[in-house]
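Report on the structure
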Amino acid sequence: MEIQMRELDRTAVERIAKGACFLGSGGGGPLSITPAIIDNIFKATDSVKVVDINEVADDAHLAISAGMGSPQRAAGMTFDTAPAVAFEAVATLYGKPLNYVAAIEVGAANSVIPMLVAAQKNIPLIDANGAGRAVPTLPSTTFSQVGIPATPAVLSAVGVPGNPCVTCPSGDSAEEVEAWAGEVLTTDPNFTKYNAGAIALWPFNGKILKSGSGINAAAIGGSLVLAEKIGAALESKTPVDSVQQVLTESKQAHHFLGIGKVIAVKEEAVGALDGGIVVIDMGKHIIELPYLNEFLGAFVWDSQKPGYVLGPDMICCMTPAGEPLSNPSINELFNTSGAFDIAVFTLTAAEAMQKPSMYSEFANNISKLYPAFKGSYGQPGTLTMAWTSG
């Protein structure tokens, strides 16, 4: 089979970073660290080679590359050679050559970090990931939901000579790897400067990558194409309208909630994750966006028609001038300039993310930020809006 590869130049990669920041639903790493990562990509190559998910042979092997930890602490991280070092360590433990690299999720940093591995290892990137958005934890990925073993998994320290690595000692589940990584990132001196590092994990073959369909698909393809289109729309003279047009033409179900004003950001770290609630004044009502790195959902406190959006459905934000917003950039803007205008979209998650177990993951995470919240996911697609009395 002849493989058809796309080649991404710097402009394409920069647009993907912007579009992925929008699609990341507040997470996936801040856009502000991507210029240094992109510089490193194009020191190693003239273009990033990308293949479609369906072009990967059954007997080819890949692994997932990502940044992991606290986005708020990521300022100054270039990721240098750390992702490639972790990737090489996983290949050695896996015992088979890794022909491709893929992303764990969609987000500004976590869409370009795998490109850095592709450039430095001279292998193609697969336009596939495990979420179609950014997610707060490893169990919130399609890879985990379909039961692919997450190990071998290796964390590599960024900005430390030699990029020292730590290998997950045991356990195949995403839950076990998540717990191990959280411990390393918050206690190991090589990682505590940023509470973050580069991780490689989930090595498996092309047959597994392409397995399943619909709600049972192992991976989600095509996110880089959509991100690039959104990135170009954000650069237009009418960015809000242009983004809506791209979403409509791409048949991405969405709603534009309007333009409001960020009036508060309540921060609360949860382990190695950045947690908090973004409060937006929409004029006639308030919207609250709880997040653990990524937005978990939205509470629309409208006295006439209160409602919610529950992750993995997506909350995607930008300034009216076309700057895509992650939670670190929302926090920075608010802390430096005070209240500012924000355009808010909701997008329906990819079909493979629409499992009851996935909605339950997000509902359970919301309770970590609203201690009084006792709601839970129910059928079909409902959230019990239960709260304890004060």
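All residue numbers refer to positions counted from 1 along the written sequence of the respective chain. It should be noted that, the model being predicted, local features are given only for residues of pLDDT at least 70 and side-chain atom pairs only at 80 or more, the latter also being counted only at that level, while totals for whole chains, interfaces and linings use all residues. As a rule here, side-chain values come from all non-hydrogen atoms in the structure, and water together with hydrogens is ignored.

What about the nonpolar core?
In terms of nonpolar packing, the biggest core is built from 59 residues, with Leu23, Ile41, Phe79, Met115, Ile230, Val243 and Phe345 touching the most fellow members. What counts as a helix is a DSSP run of H or I of at least four residues, what counts as a strand is a run of E of at least two, and both are numbered from the N terminus. Tallying contributions element by element places helix α4 (residues 108-121) first for this core, with eight residues. Contacts were defined at the residue level, with two residues in contact if any of their heavy atoms lie within 4.5 Å. When neighbours within four sequence positions are excluded, Ile230 is seen to be in contact with Gly19, Phe22, Leu23, Val243, Val246 and Leu247. Here, the term nonpolar core denotes a set of buried Ala, Val, Leu, Ile, Met, Phe, Trp, Tyr and Cys residues that are joined through side-chain atoms within 4.5 Å. Each residue's exposure class comes from its accessible area (1.4 Å probe, protein chains only) as a fraction of the maximum for that residue type: buried when under 20%, exposed when over 50%, partly exposed otherwise.

What about the packing of aromatic side chains?
Think of it this way: a Phe, Tyr or Trp ring, Trp meaning its six-membered ring, pairs with another when their centres are within 6.5 Å, and the plane angle makes it stacked under 30 degrees, edge-to-face over 60, tilted otherwise. Evaluation of the coordinates by the stated rule reveals six aromatic pairs. A ring pair is formed by Tyr291 and Phe295, whose centres lie 6.4 Å apart and whose planes are at 85°; its orientation type is edge-to-face. Across the pair, exposure class does not vary: Tyr291 and Phe295 are buried alike. An aromatic cluster is defined as three or more aromatic residues linked by ring pairs; in this entry it consists of Phe22, Phe256 and Phe345. A positively charged side chain is recorded as over a ring if its NZ (Lys) or CZ (Arg) lies within 6 Å of the ring centre. The angle to the ring normal must also be within 35 degrees. It is Lys96 that lies over the ring of Tyr94; its NZ or CZ is 4.7 Å from the centre.

What about empty space enclosed by the protein?
As defined here, a cavity is a set of points on a 1 Å grid over the protein atoms alone where a 1.4 Å probe fits but cannot get out. A pocket is an open set with protein on both sides within 12 Å along at least five of seven lines, and residues line them when an atom is within 4 Å of a point. Grid points are joined across faces, edges and corners, and a volume is the space filled by probe spheres set on the points. In this structure the tally under the stated criterion is one cavity of 30 Å³ or more. By volume, the largest cavity is sized at about 80 Å³. Surrounding the largest cavity, Ala103, Glu105, Val106, Ser111, Leu125, Ile126, Asp127, Ala128, Asn129, Ser223 and Leu224 form its lining. If you list the elements that add at least two residues to the lining of the largest cavity, you get β5 (125-129) and α8 (223-234). Looking at the lining of the largest cavity element by element, the count peaks at five residues for β5. When residues are sorted by character, Ala, Val, Leu, Ile, Met, Phe, Trp, Tyr, Cys and Pro go into the nonpolar class, Asp, Glu, Lys and Arg into the charged class, and all the rest, Gly among them, into the polar class. Residues belonging to the lining of the largest cavity are distributed by class as follows: six nonpolar, three polar and two charged.

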